[in-house]
Amino acid sequence: QVQLVESGGGLVQAGGSLRLSCAASGSIISRAAMAWYRQAPGKQREVVATITSGGNTAYVGSVKGRFTIARDNAKNTMYLQMNSLRPEDTAVYYCAANFGVGGGRIYGYDTWGQGTQVTVSS
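Residues numbered from 1 in each chain as written. Predicted model: local features only at pLDDT ≥ 70, side-chain atom pairs only at ≥ 80, totals over all residues. Heavy atoms only, no water.

Draft legend 1. Here's a closer look at the overall build of the protein. Of the regular secondary structure elements, the protein holds zero helices and eleven strands. Taken over the C-alpha atoms alone, the protein extends approximately 40 × 30 × 25 Å along its principal axes. Every one of the 122 residues in the protein was classed for burial, and the buried ones make up 40%. Considering only residue pairs separated by 6 or more positions, the protein has 56% of its internal contacts joining residues 24 or more positions apart. Split by element, the accessible area of the protein, about 6,300 Å² in all, is 46% carbon and sulfur. (Helix = DSSP H or I, 4+ residues; strand = E, 2+ residues; numbered from the N terminus. Buried < 20%, exposed > 50% of the residue type's maximum accessible area, 1.4 Å probe, protein only. Contact = heavy atoms within 4.5 Å. Areas by Shrake-Rupley, 256 points an atom, 1.4 Å probe, with all protein chains shown as cover.)

The structure is reproduced here in structure tokens:
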């Protein structure tokens, strides 16, 4: 019943922007720690940005100053604004959250979306 669905991915030229959305259902995100991860072809999954229930944010060094993670509790949706995109940002982007549900955790999060593809051309 608890689900996360990503959207907003696509093809963009280097230097362009995209905004990813992560819509939650079955639980309320206001009390949940959340994150964006990405996995590039042939690479390991890596954390991109995190946001706590209190609004504290953190970013991987390669996206600092370019990406912004945010949460709209009224819409029960998390966002990732991506500016000045580079080809190295090409990956499948996943949203994740801790809602306190059972079933175990992956990288510390118990709920994951299916991902959205971001492709940045040179």
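Draft legend 2. Geometry of the sheet that holds strand β8 (residues 77–82). One open sheet accounts for four strands, arranged β1-β3-β8-β7; its pairing is antiparallel. Since the sheet does not close on itself, it has two edges, and those belong to β1 (3–7) and β7 (67–72), each with one partner. Adjacent strand axes in the sheet meet at a mean angle of 15° when their direction is disregarded. Sheet topology note: the β1/strand β3 (residues 18–25) ladder contains five bridges and is antiparallel. Each residue of the ladder has a partner; that of L4, found in β3, is A24. (Pairing = 2+ DSSP bridges. Axes fitted to C-alpha atoms, helices over the stretch in contact; angles between N-to-C directions.)

Keep in mind these numbers describe shape, not what the thing actually does.
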